[in-house]
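# Coordinate analysis (summary)
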Amino acid sequence: MLAPNKFIAIAEETGMIVPIGAWAMRHACIEAQKWPEHTIVAVNLSAVQFASRDLIDEVKGALSGARLPPERLELEITESYLIKDSSGARDTMNSLRALGVRVALDDFGTGYSSLAYLRSFPLDKLKIDRAFTHALEHDEQDEAGAIVRAIIQLATALKLRITVEGVETASQLEALRAMGCGEMQGYYFARPIPPEKISAFLEDWRAGRGATLEHTMAARTSH
């Protein structure tokens with residue numbers, strides 16, 4: 001077994017990331033179709049895959065093959081491709097949203113994180129990078145907290161949804177809830193789960209902790 005940081009760069013260099021990404025998307029949609037109707041599946045897209053001319057057809061095929069409603073698929077992209085080809089990225093995102101698919105900007109707050117993206121591109125969600133979450137518990141000057149609050153306020157004003165990544169402790173959860181964040185992901189909620197155990201996990205969550213803790217379940221499929 002190899003971690004993604006071991007093989008993704010090689011897969012992108014060779015172009016293999018495109019068929020790998022298409023396979024991941026198809027299987028993610030097939031699995032999500034078995035879940036309760038209110039759940040969505042979030043699939044990470046490589047910048048190379050996002051730039052592929054076949055992406056829209058691949059998304060259509062994955063949805064139709066799994067009979068999954070498009071609003072239950074969320075595609076996560078990073079800002080690297082937005083920098084390289086802003087015009088092409090905008091066209092692709094418009095085409096995806098025309099299908100009914102959601103588009104999220106991953107790892108927001110790192111890299112360039114230009115605010116111009118929020119005006120120029122048709123986004124549905126910002127995902128705040130886990131680095132800010134991890135800093136909250138040791139943030140004596142409240143610098144990380146100030147950034148997270150600012151991003152949440154900005155996203156709310158622009159009618160964008162927010163997911164905070166990397167939640168691992170109850171104190172991080174409570175701090176983020178106090179900031180007005182209601183959508184989070186991380187090991188506090190669950191470690192990676194085999195597909196056949198997802199439905200049981202959701203049922204257990206809704207019957208137990210889910211009754212007292214607001215959450216959105218997004219199963220992430222990484223290449």
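Quick caveat: nothing in here was measured; it's all calculated off a predicted structure.

### A look at the overall build of the chain
A tally of regular secondary structure across the chain gives 11 helices and six strands. Taking the principal axes of its C-alpha atoms as reference, the chain extends roughly 45 × 40 × 35 Å. A buried classification covers 44% of the 223 residues belonging to the chain. Of the roughly 11,800 Å² of accessible surface on the chain, a fraction of 52% belongs to carbon and sulfur atoms.

### Section: the nonpolar core
Membership of the largest hydrophobic core comes to 56 residues, with the highest contact counts inside it found for Phe-50, Val-59, Leu-73, Leu-123, Leu-126, Ile-162 and Leu-176. With six residues, the top contributor of residues to this core is helix α4 (residues 55–66). Sequence-distant contacts of Leu-126, that is, excluding residues within four places in its chain, are made with Leu-105, Phe-108, Leu-118, Ile-151, Ala-155, Leu-160, Arg-161, Ile-162 and Thr-163.

### A short note on the side chain of Gln-172
Considering the arrangement of structural elements, one finds Gln-172 in helix α10 (residues 170–178). Here Gln-172 is in contact with Thr-133, His-134, Glu-137, Gly-166 and Val-167, once residues within four sequence places are set aside.

### Re the packing of aromatic side chains
Applying the stated criterion across every chain, the model contains three aromatic pairs. Their ring planes at 85 degrees and their centres at 5.4 Å tell us that Tyr-188 and Phe-189 sit as a pair that is edge-to-face. Through a chain of ring-to-ring contacts, the aromatic side chains of Tyr-188, Phe-189, Phe-201 and Trp-205 assemble into a single cluster. A cation over an aromatic ring shows up here: Arg-90 above the ring of Phe-121, its NZ or CZ 5.1 Å from the ring centre.

Conventions we followed
- Residues numbered from 1 in each chain as written.
- Predicted model: local features only at pLDDT ≥ 70, side-chain atom pairs only at ≥ 80, totals over all residues.
- Heavy atoms only, no water.
- Helix = DSSP H or I, 4+ residues; strand = E, 2+ residues; numbered from the N terminus.
- Buried < 20%, exposed > 50% of the residue type's maximum accessible area, 1.4 Å probe, protein only.
- Areas by Shrake-Rupley, 256 points an atom, 1.4 Å probe, with all protein chains shown as cover.
- Core = buried A, V, L, I, M, F, W, Y, C linked by side-chain atoms within 4.5 Å.
- Contact = heavy atoms within 4.5 Å.
- Phe/Tyr/Trp six-rings, centres within 6.5 Å; stacked < 30°, edge-to-face > 60°.
- Lys NZ or Arg CZ within 6 Å of the ring centre and 35° of its normal.

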